[in-house]
Amino acid sequence: MIYADNAATTKTSRTAIAAMLPYFNTVYGNPSSLYAFGQQAKEALEDARTRIAACLGCDAREITFTSGGSEADNQALLSAAAIGARKGKKHIVSTAFEHHAVLHTLRKLKTQGFDVTLLDVPENGLLSPRQVADAIRDDTCLVSVMYANNEIGTVQPIREIGAVCREKGVLFHTDAVQAVGHIPVDLRSDNIDLLSLSAHKFHGPRGVGVLAARRGVPLTSLIEGGAQERGKRAGTENLPAIMGMAAALGEAVRDLDANARKLRVLRDALIEGLSAVPHSILNGDPERRLPGNVHFCFEGVEGESLLLLLDDKGVCASSGSACTSGSLDPSHVLLAIGRPHEIAHGSLRLTLDAENTMEDVQQIIIAVREVVAYLRAMSPVWRDLMSGKQKFILE
Amino acid sequence: MARALIAMSGGVDSSVAAYLMKEAGFDCAGLTMKLYENEDAGISRAHTCCSLEDVEDARSAAYRLGMKHYVFNFTDDFRRSVMEKFAQCYARGVTPNPCIDCNRYLKFDKLLQRAEVLGYDLLATGHYARIEESGGKYVLKKALDASKDQSYVLYMLTQRQLAHIRFPLGTYLKAQVRWTAVKLDLCNAQKPDSQDICFVPDGDYACAVERISGRIFPPGDFVSADGAVLGRHNGFIRYTIGQRKGLGIASSEPYFVCGIRPADNTVLLGRQNELYRAQADAADFNWISGTVPQSSLRCKVRLRYRQPEQSVTVIPTGEASVHLRFDEPQRAVTPGQAAVLYDGDTVLGGGTII
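Values in this document were obtained by computation on a predicted structure and should not be read as measured data.

About the criteria used
- Residues numbered from 1 in each chain as written.
- Chains lettered and ligands numbered in written order.
- Predicted model: local features only at pLDDT ≥ 70, side-chain atom pairs only at ≥ 80, totals over all residues.
- Helix = DSSP H or I, 4+ residues; strand = E, 2+ residues; numbered from the N terminus.
- Rg over C-alpha atoms; globule rule 2.2 N^0.38 Å.
- Buried ≥ 20, exposed ≤ 12 C-beta atoms within 10 Å, placed from the backbone.
- Contact = placed C-beta atoms within 7 Å.
- Domains from an automatic or database assignment.
- Nonpolar A, V, L, I, M, F, W, Y, C, P; charged D, E, K, R; others polar.

Draft legend 1. The arrangement of the overall build of chain B in detail. Scanning chain B for helices and strands turns up 7 helices and 17 strands. Computed over the C-alpha atoms, the radius of gyration of chain B is 22 Å, within 12% of the 20 Å expected from 2.2 N^0.38 for a compact globule of 354 residues. Within chain B, buried positions represent 43% of all 354 residues. Once local pairs closer than 6 in sequence are excluded, the contacts in chain B between residues at least 24 apart make up 64%.

Draft legend 2. Structural detail: the overall build of chain A. From N to C terminus, chain A includes 14 helices and 12 strands. Relative to its length of 395 residues, chain A is compact, with a C-alpha radius of gyration of 22 Å against a globular reference of 21 Å. The principal-axis extents of the C-alpha atoms in chain A amount to approximately 75 × 50 × 35 Å. When the 395 residues of chain A are sorted by exposure, 51% land in the buried category. Counted over contacts in chain A with a minimum sequence separation of 6, partners at least 24 positions apart contribute 73%.

Draft legend 3. Spatial organisation of unusual backbone geometry. Residues and elements named next belong to chain A. The backbone of His203 sits at a positive phi, close to 70 degrees, despite the residue not being glycine. Within the secondary structure, His203 sits in the loop between strand S7 (194–198) and strand S8 (209–213). Of note, the phi angle at Arg230 is positive, near 55 degrees, even though the residue is not glycine. Tracing the chain through its elements places Arg230 in the loop between S8 and helix H8 (239–254).

Draft legend 4. Local environment of the domain arrangement of chain A. Residue and element names in this part refer to chain A. Domain boundaries in chain A define domain 1 (14–254) and domain 2 (256–386). Spacing between the C-alpha centres of domain 1 and domain 2 amounts to 29 Å. Taken residue by residue, the interface counts 20 residues in domain 1 and 20 residues in domain 2. Residues that form the side of domain 1 that touches domain 2 fall into these classes: 11 nonpolar, 7 polar and 2 charged.

As structure tokens, then:
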């Protein structure tokens, strides 16, 4: 089996598992307990917080642990909205290709009287700071732009967008779930006020994440019932997961340059190999994308069939946008960058990891080429395209 | 081992169909078609993106039977070929049967193609009907359980399709199916049968037509055959041929809806005797045998789902059209509904009443 869906989730690293184990049955006290055994757990928790803060270029007090990226996104947006509402500012700027954790929260805020501007995304999947600057109004309370897109992998000019927000005095949130641990992220130098991350995207465990909030940005608690996380997130801390996350992030940041160098070589080989498929297109800028992300559309191919047949050949891939039912919806990201419906349906996302090899890449290229050719041979749409009855959209 | 894809809706019938295919020795996988978004069916979006519970029921049944399970998104096709057509028919004053369109354009066309592409030899569904083969020819027959028989909505099947379709429930009674589900401890064993049209769960067709078409159908006149205005209707899509209730007209003798005329936004009313027709025509006609009879023939016909069969003389008028002459005049022959021909248990074919 070749696992090429690391943007969906990653294998938990040995380091992370080793870091977690003692906190299940050795140091299992509750960090809130008074006795020394509980204190020991509390110390570990704070140590993890300090180490994570160091990886993100912020202060330990600016780190709040959450159940993952979605919760962090929800809390970031709702907190910033609450701050804005107190000042009578109820306008939010975001983009059309955010993760649903952001888009759906914005939809909820709309029903509460917020005005939301979703910026169009250019075809290359890269927003310009200028677009953000132009969209900010006097009543704008928040700008939320993802660091790297979860489907097409494009990396946004976050530092510049952050600078625009600073200059205009608007809070800036970034969903950095796909970025942290893969490319350098630094709260201070990137001018970020609020940042969401999720541990299982960088070989940490699932069910744990972080909302980093710059000092002076008060968070609204979504979960009531205790004073954990300085009253910003009630519930007994998931200490084993937090320890695993700290270890995984430390490792990912330590190896970041080496992994990225290796991945770019694999990624570019894969892109080259798949570009040879006629009537196909790489989605997202070829350079300014995550080191492990490859995302293609193939005309005349049905994404669901493509994934199933790749599965039969032992390749785990995705189209990028899986609905909770497991069915594939035409991706809002591809529609946002202007791909028509019929093209958006034939999409393939391959997300590599440092464990992948050049042999994997070769095998993926062979498998994709075979499956695409087979599906096209079976497709009535393809017949119409070949006979000229219907016009190709992709050259 | 032949590979079979089982179309699983999440209901008890298709789950048991999956079990029977597995027992028959096929290498099976379950498949649920995602056909519409909740908003399209007028269900509030809540927090899920589709009719998630049905999908979960289907998945749970498939896993319980040791099968893989997939969900395929057919929302674009379903909207185009079924929902929009449904609304267009009503707007033309015709009463459609969207389940037949779903079978014709989705299940036994798009899905069957998909099954073939993915290397499945057979597609099985939980329909109550039988397929028999002799000498390379396929025959579609009524289900053994007459009360569940669904052969009426399957008349569009062709020889080529029948060769790749299985209806494992055709020889079972509904009670046996439920009993099998209980024995297998399937989570949906006690789930009620689906009623109505899946994308109109509240049964308010007129509201669905307006939602899908984005049009409003304004009030107009009720008229009699001689052109007299009898009252006001609330939009012609709210009426079907033969309807008596809800017309709001005081009269010693009851009125019935006899016709719908979108051109001048009127609904034609008449007395009971004006509802009867001695003949009708059907288009888009499919002869299951694949050959159009050379001369007229005598058989039985159903003009709507579950109607008792009526004697008829059928005169083929083209490759895909017939003229029907009923022995007894038929009440409320409704354009848009299917006329399906039977010879005993065998379905000869069917088409759309025009």
